[in-house]
Amino acid sequence: MGGKPGRCLFSLVIGVTLQVCDVQVTSGRWRRLVLVQSVLAFIFGTVILVFSINLVAGLV
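Residues numbered from 1 in each chain as written. Predicted model: local features only at pLDDT ≥ 70, side-chain atom pairs only at ≥ 80, totals over all residues. Heavy atoms only, no water.

## What to know about the overall build of the protein
Moving on, step 1. Secondary structure assignment for the protein yields two helices and zero strands.
Moving on, step 2. Taking all 60 residues of the protein together, the buried fraction comes to 13%.
Moving on, step 3. As displayed, the protein offers around 5,100 Å² of accessible surface, 69% of which is attributable to carbon and sulfur atoms. (Helix = DSSP H or I, 4+ residues; strand = E, 2+ residues; numbered from the N terminus. Buried < 20%, exposed > 50% of the residue type's maximum accessible area, 1.4 Å probe, protein only. Areas by Shrake-Rupley, 256 points an atom, 1.4 Å probe, with all protein chains shown as cover.)

## Topic: the UniProt feature "transmembrane region" (unreviewed entry) in the protein
Moving on, step 1. Taking the numbering used here, the UniProt-annotated feature "transmembrane region" (unreviewed entry) corresponds to residues 33-57.
Moving on, step 2. End C-alpha atoms of residues 33-57 are separated by 36 Å, and the span's content is 100% helix alongside 0% strand. (UniProt positions renumbered as here; feature names shortened; annotations may be inferred.)

## Observations regarding a nonpolar patch on the surface
Moving on, step 1. Side chains of V36, V39, L40, F42, I43 and V47 sit close together on the surface and give an oily, nonpolar patch of about 530 Å² of accessible area.
Moving on, step 2. Mapping F42 onto the fold places it in helix α2 (residues 28-59).
Moving on, step 3. Classification of F42 by relative accessible area gives partly exposed; the value is 45%. (Patch = residues over 30% accessible without salt bridge, like charges linked within 9 Å, V, L, I, M, F, W, Y side chains within 5 Å. Salt bridge = Lys/Arg side-chain N within 4 Å of Asp/Glu carboxyl O.)

This is how it looks when you write it as structure tokens:
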């Protein structure tokens, strides 16, 4: 990240939600925290989706 996680944060938000990020996170520490939370939320959503697909496929 090179000490500037802002670019990575906004790229992740656009990539995950397909919308513009309008948050105003000013410090680097908070940007890292928001980035980690975004990655965890994406992983959580992916796991839920995969579990649901496997559940439905098992019922068919």
